[in-house]
Amino acid sequence: MSGEVEASTEEQQEMQDTVVSPEKAEEAKLKARYPHLGTRPGGSDLLRKRLQKGQKYFDSGDYNMAKAKMKNKQLPTAAAEKTEITGDHIPTPQDLPQRKQSLVASKLAV
Amino acid sequence: MVSGAGGGGNDVQWCFSQVKGAIDDDVAEADIISTVEFNHSGELLATGDKGGRVVIFQQETENKSQPQCRSEYNVYSTFQSHEPEFDYLKSLEIEEKINKIRWLPQKNAAQFLLSTNDKTIKLWKISERDKRPEGYNLKEEDGRYRDATTITTLRVPVFRPMDLMVEASPRRVFANAHTYHINSISVNSDNETYLSADDLRINLWHLEITDRSFNIVDIKPANMEELTEVITAAEFHPHQCNTFVYSSSKGTIRLCDMRASALCDKHSKLFEEPEDPSNRSFFSEIISSISDVKFSHNGRYMMTRDYLSVKIWDLNMENRPVETYQVHEYLRSKLCSLYENDCIFDKFECCWNGNDSVVMTGSYNNFFRMLDRTQRRDVTLEASRESCKPRQVLKPRRVCAGGKRKKDEISVDSLDFNKKILHTAWHPQENIIAVATTNNLYIFQEKVN
């Protein structure tokens, strides 16, 4: 009997919380979707993710190949021969185009 | 025409002046604007983007015959400030995105600015060239050398006017001093030093010296598992060259005095608003993280921006802010989805007007907020291509939090969370503001009758 009474006061508290705090209601929603959230020290997980932002590559070769592929997409009119070499094969230094990221001027400066 | 003062956010009517950037919706990542900053006179306006480029606009001298046509900002100079790099040790890319631009006060004919990406700060000199020497004896005008045997007379080369050329050249590169990502730079009022802050450390530099930097704050714990907070922003006091503040992801601000010790790990003042523990939720710490801190021009106050509010602090009172303004309180009941789409981590900036009477900050749906401190009123405006007729007055916007939506109101669920205004700047003296949407720069001015 007393267990039921306790449960209902807890429910009342939760209802009060929902009414009083939209934030707590949102938290309940989140916990429902991701039950494991916050069980680990969430604070430092978030922080550590923040400290290491940026995409990790296997090595510089991997990085240069990814950049070349992106450049292929961004500048389809670029000289075909050079990009063919660097797109799918491991590039040698003489094959790499000079890494001038933005030959294109800013659109604000038009 | 009354200029100066720069007061009154709400008896001021804002009207459209200019918009820069492409109209099409397909935004290339490189075109995303990442910082906006007026120089100390307001004559120059600099923007930085994700592609590492800086564009500087210059205010045209006013046309006296047409007083309604307030001076416009036109492109003055543009250059590639930073390039992408690869950190070989960590196998991570170092983005070329310009995180901050800060102007140095003008000392001579040239202009100087500091621009920084995640790892490297550069000092750029922007100078004008409007004359060139002509009439060399040994060279033709196009630079080719003349045949010495054909020279029969001597002449004195003279300077002749030429079309204005604006050149930007990197004068200093301040590199290799930050293990973590630089979020702030701030020039000291002594005009000789500046600070740079990353997630865990703050360094002090001399503008002339690039191979050395003093570490003045270090909050890195011995064991990274014990990490509880990071530095989110830092700024020097506008007049006291020994004083600076830094804000944290936990919603606190520390004021440090460099006269107290070489390493300012121990703060002189700690600004923190006490939290009601019964209100604490999973989101509390995330939304209390301070994304920007700015001193007022008079140096008596500082403003902080966290996810939902703007707070004004009196430097003499540490235990609570003197003013708190809600930016978009209707988002409090949307925190779950804002966490899922990462918007809860967006870093909004804020700025003061010239006489510290009004503050401005951005929001979603290309809305921005003007908060008038003296009149205790606020207004929401929108930067949109639909209000782009010359001198068109901006209409106040209203968001309906729930219940019945009135005419002209927009409901919270209709807001476009991809259209965020993170960066805004206010002319130091006049009522001219620069508002950056994702890839466009809007300039609004006070309506002149």
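Residues numbered from 1 in each chain as written. Chains lettered and ligands numbered in written order. Predicted model: local features only at pLDDT ≥ 70, side-chain atom pairs only at ≥ 80, totals over all residues. Heavy atoms only, no water.

Visitor: Looking at this model, I keep getting lost on empty space enclosed by the protein. Mind explaining?
Guide: To find the voids left in a structure, one rolls a probe of water-molecule size over its atoms. All names here are of chain B. With the rule as written, the count across this model stands at one cavity of 30 Å³ or more. Put simply, the largest cavity is a space of about 70 Å³. Taken together, the elements giving at least two residues each to the lining of the largest cavity come down to β8 (100–103), β12 (184–187), β16 (231–236) and β20 (292–295). Among the residues forming the lining of the largest cavity, the class breakdown is four nonpolar, three polar and five charged. (1 Å grid on protein atoms, 1.4 Å probe; cavity = no way out; pocket = protein on both sides within 12 Å on 5 of 7 lines; lining within 4 Å. Points joined across faces, edges and corners; volume = space filled by probe spheres on them. Helix = DSSP H or I, 4+ residues; strand = E, 2+ residues; numbered from the N terminus. Nonpolar A, V, L, I, M, F, W, Y, C, P; charged D, E, K, R; others polar.)

Visitor: Hey, could you run me through the interface of chain A and chain B in this one?
Guide: Frequently, the measure chosen for interface size is the accessible area removed from exposure when the parts meet. Contact residues are listed per partner, giving 37 residues for chain A and 60 residues for chain B. For the pair chain A and chain B, the summed buried surface comes to about 4,200 Å²; carbon and sulfur atoms form 57% of the total. Among the residues of chain A in contact with chain B, Glu23(A), Leu51(A) and Leu108(A) are the three that bury the most area, contributing 19% of the side total. Taken together, the connections running from chain A to chain B amount to five salt bridges. Inspection of the region where chain A meets chain B yields 16 residue pairs in polar contact (both at pLDDT 80 or more). If you list the elements that add at least two residues to the side of chain A that touches chain B, you get α2 (22–33), α3 (42–51) and α4 (60–74) of chain A. The greatest single-element share of the side of chain A that touches chain B, amounting to eight residues, is contributed by α2(A). Tallied by class, residues from the side of chain A that touches chain B come to 14 nonpolar, eight polar and 15 charged. (Contact = heavy atoms within 4.5 Å. Buried area = accessible area lost by both parts, 1.4 Å probe. Salt bridge = Lys/Arg side-chain N within 4 Å of Asp/Glu carboxyl O. Polar contact = N/O pair within 3.5 Å; in protein donor to acceptor, adjacent residues only side chain to side chain.)

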